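# Observations on the model geometry
As a plain string of letters, each chain reads:
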Amino acid sequence: MPTKKELIQKLTAKRLPRNYTVRELDALMSKCSCEKYQGGRGSGIGYRHSPTGRAIQFDAPHPGKELYAYQVKAVIEFLKSIGEI
C-alpha cells in the first residue's frame, strides 16, 4: 500500500496523472481524515473531512476507474483547502 506522501506526489506531479484510480483516491482520503460517502445521484461519490466538515463530491468515473482531469484538479484544490498539501 502506497504511503500518503507517495499518493500526494503522484497526484500533484508536474503533469496531471491520467492513471490515478478511485482506489488510490480512497486510500489517500482515508489517510487525510476523510470519510467516503455515496453522493447525490446514482454514481456519485464524496468525501467529508472529519475535522472541518468540508466535503468534495463528484460522479464516479466510468466505465474505467481512473479519475478525469477535472476531478484530479478538484481533489488537489480540496486537499489544499483542508491543509493536506
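The following paragraphs examine the structure supplied in this document. (Residues numbered from 1 in each chain as written. Predicted model: local features only at pLDDT ≥ 70, side-chain atom pairs only at ≥ 80, totals over all residues. Heavy atoms only, no water.)

### Observations regarding the nonpolar core
- Within the largest apolar cluster, 23 residues are counted, with the highest numbers of intra-cluster contacts made by Leu11, Leu25, Leu28, Met29, Tyr47 and Leu79.
- Elements with a contribution of two residues or more to this core: helix H1 (4–11), helix H2 (22–31), strand S2 (44–49), strand S3 (55–59) and helix H3 (69–81). (Core = buried A, V, L, I, M, F, W, Y, C linked by side-chain atoms within 4.5 Å. Buried < 20%, exposed > 50% of the residue type's maximum accessible area, 1.4 Å probe, protein only. Helix = DSSP H or I, 4+ residues; strand = E, 2+ residues; numbered from the N terminus.)

### With respect to unusual backbone geometry
- Cis geometry marks the peptide bond from His62 to Pro63, where omega comes out at 10 degrees.
- Summarising the element assignment, Pro63 is placed in the loop between S3 and H3.

### Re the packing of aromatic side chains
- According to the stated counting rule, one finds 1 aromatic pair in the structure shown.
- Relative to Tyr70, the ring of Tyr68 has its centre 6.2 Å away and its plane inclined at 10 degrees; by these criteria the two rings are stacked.
- For Tyr68, a relative accessible area of 37% corresponds to the partly exposed category.
- On the accessibility criterion, Tyr70 (52% relative accessible area) is exposed.
- One cation-aromatic arrangement involves Arg48 over Tyr37; the distance from NZ or CZ to the ring centre is 4.7 Å. (Phe/Tyr/Trp six-rings, centres within 6.5 Å; stacked < 30°, edge-to-face > 60°. Lys NZ or Arg CZ within 6 Å of the ring centre and 35° of its normal.)

### A few points about the pairing of S3
- The sheet contact formed by S2 and S3 spans 5 bridges and is antiparallel. Bridge pairing in S3 links Ile45 to Phe58.
- Counting the residues that bridge the hairpin from S2 to S3 gives 5 residues, and of these Gly53 lies at a positive phi of roughly 80 degrees. (Pairing = 2+ DSSP bridges.)

### Examining the environment of Arg48
- With respect to the element layout, Arg48 can be found in strand S2.
- Look at Arg48 and you get partly exposed, because its relative accessible area is 40%.
- In sequence terms Arg48 and Lys5 are 43 residues apart; their C-alpha atoms lie 20 Å from each other.
- Excluding residues that lie within four positions of it along the chain, Arg48 makes contacts with Ser33, Cys34, Glu35, Tyr37, Gly53, Arg54 and Ala55. (Contact = heavy atoms within 4.5 Å.)

### Here we look at H3
- For H3, built from 13 residues, the straight-helix expectation of 18 Å at 1.5 Å per residue is met to within 8% by its first-to-last C-alpha distance of 19 Å.
- Of the positions making up H3, those classed as buried are Gln71, Val72, Val75, Ile76, Phe78 and Leu79. Seen end-on, H3 carries its buried residues on one side only, within an arc spanning 165 degrees.
- At the exit of H3 stands Gly83, carrying a positive phi of roughly 85 degrees. (Expected span 1.5 Å × (residues − 1). Arc of directions from axis to C-beta.)

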